[in-house]
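Structural overview
Residues per chain are reported as follows:
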Amino acid sequence: MGRLDGKVALISGGARGQGAEEGRLFAAEGATVVLADILDDVGHATAASIDRASYMHLDVRREGDWDAVVASIIERLGRLDVMVNNAAIDLERSLVETSLEEWNQVLAVNQTGVFLGTRTAARAMIAAGSGGSIINISSVAGLEGLKLHTAYGATKWALRGMTRTAAQELGKFGIRVNTVHPGIIETEFTAELKSFKDPATRAKLERGIALRRYGQTDDVAKLVLFLASDDAGYCTGQEYLVDGGIHR
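Summary of the structure given here. It should be emphasised that the depicted structure is a prediction, and the values quoted were computed from it without experimental measurement. (Residues numbered from 1 in each chain as written. Predicted model: local features only at pLDDT ≥ 70, side-chain atom pairs only at ≥ 80, totals over all residues. Heavy atoms only, no water.)

**Some details on helix H3 (residues 63-77)**
Between the first and last C-alpha of H3 there are 21 Å, a value that for 15 residues agrees with the 21 Å anticipated at 1.5 Å per step. The complete set of buried residues in H3 reads Trp-66, Val-69, Val-70, Ser-72 and Ile-73. All buried residues of H3 project into a common sector of 155 degrees when viewed along the axis, lining one side. Where the residues of H3 are buried, they touch strand S1 (8-12), strand S2 (32-37), strand S3 (53-57), strand S4 (82-85) and helix H4 (100-128). Directly after H3, the chain includes Gly-78, whose backbone phi takes a positive value near 85 degrees. (Helix = DSSP H or I, 4+ residues; strand = E, 2+ residues; numbered from the N terminus. Expected span 1.5 Å × (residues − 1). Buried < 20%, exposed > 50% of the residue type's maximum accessible area, 1.4 Å probe, protein only. Arc of directions from axis to C-beta. Contact = heavy atoms within 4.5 Å.)

**Notes on the layout of surface pockets**
The volume enclosed by the second largest pocket comes to roughly 190 Å³. Lining the second largest pocket are Phe-115, Thr-118, Arg-119, Ala-122, Arg-123, Met-162, Thr-165, Ala-166, Glu-169 and Leu-170. Counting residues per element, the ones that place at least two in the lining of the second largest pocket are H4 and helix H5 (150-170). Of the residues that constitute the lining of the second largest pocket, the class distribution is five nonpolar, two polar and three charged. (1 Å grid on protein atoms, 1.4 Å probe; cavity = no way out; pocket = protein on both sides within 12 Å on 5 of 7 lines; lining within 4 Å. Points joined across faces, edges and corners; volume = space filled by probe spheres on them. Nonpolar A, V, L, I, M, F, W, Y, C, P; charged D, E, K, R; others polar.)

**Notes on the nonpolar core**
With 29 residues, the main nonpolar core has Phe-26, Val-84, Ile-135, Val-180 and Val-224 as its most contacted residues. Of all the secondary-structure elements, those providing two or more residues to this core are S1, helix H1 (17-28), S2, S4, strand S5 (132-137), helix H8 (217-228) and strand S9 (239-242). It is H8 that provides the largest number of residues to this core, a total of seven residues. If we skip the residues at most four places from it in the chain, Ile-135 touches Val-82, Met-83, Val-84, Asn-85, Asn-178, Val-180, Val-224, Leu-227 and Ala-228. (Core = buried A, V, L, I, M, F, W, Y, C linked by side-chain atoms within 4.5 Å.)

**With respect to the packing of H4 against H5**
It is the contact of H4 with H5, at a shortest axis distance of 9 Å, that shows an interaxial angle of 15 degrees. Comparing the axis directions of H4 and H5 gives the class roughly parallel. Relative to H5, the crossing made by H4 is right-handed. In this structure, H4 uses Trp-103, Val-106, Leu-107, Asn-110, Gln-111, Val-114, Phe-115, Thr-118, Ala-122 and Ile-126 to contact H5, whose residues at the interface are Thr-150, Ala-151, Tyr-152, Ala-154, Thr-155, Lys-156, Ala-158, Leu-159, Met-162, Ala-166 and Leu-170. (Axes fitted to C-alpha atoms, helices over the stretch in contact; angles between N-to-C directions. Parallel < 35°, antiparallel > 145°, perpendicular 65-115°, else oblique. Left-handed = near helix turned anticlockwise from the far one by under 90°.)

**Remarks on the environment of Ala-141**
Note on placement: Ala-141 falls in the loop between S5 and H5. Distance from Ala-141 to Phe-26, taken between C-alpha atoms, is 26 Å for residues 115 residues apart in sequence. Ignoring anything within four residues of it in the chain, the contact list for Ala-141 reads Leu-146, Tyr-152, Gly-153, Lys-156 and Trp-157.

**Quick look at the side chain of Glu-22**
Locating Glu-22 in the fold gives a position in helix H1. Although Glu-22 lies buried, it forms no salt bridge, and the closest oppositely charged side chain, Arg-24, sits 10 Å away as judged by the N-O distance. Not counting residues within four places of it along the chain, the set of residues in contact with Glu-22 comprises Ile-11, Val-84, Asn-86, Ile-137, Val-220, Ala-221 and Val-224. (Lys, Arg positive; Asp, Glu negative; His and termini not counted. Salt bridge = Lys/Arg side-chain N within 4 Å of Asp/Glu carboxyl O.)

Quick look at the structure:
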């Protein structure tokens, strides 16, 4: 597993769930971690529970928030080596029932937020001249059609194109850009969904997964750690599945 000794990592959506687990694992592997989110109370508590972690408020839809957070990291910590664009929202709604307001809200967080995060981190990494790794969290919904998730799926598909293009543009600066595509992952965010709470529904869905279980946050975090580390030094512009074999 890759070490991150001396590296500084920024994780959006880091207050809980996958982002928080990535922060814990990164710190355990030697990184200084900045967790960023809009859930301030939860974010401060999570950061306080992790050695070498701090928390900053970040609304990923706002360009000014990104500029302020990254500038503060450079001022306080002197560098930014890893950017994990993890923040996202879901919307379970059919195409014909999705309002324009809902569509725009999902795109603002899941697509524009990742664009701003990638761009802001890349600018800082280019200025520093020491390369870096940007990891954009997509989904299996970015690889196949998922009913009742038109807006969410559109954003997760979009991350693939954005990431591949960024990888081509940023490679000359030593900056690697990849996507991670989780399957069904058990988090605080998903705990109240029927597919997690109802035993019969859960059992049925798990039978459709090759490994016969839902994923856990550490399953995703370990892959993200690899891509953040120098062990993945020749990996860029690629899509990495961590889904237990549900995507076929």
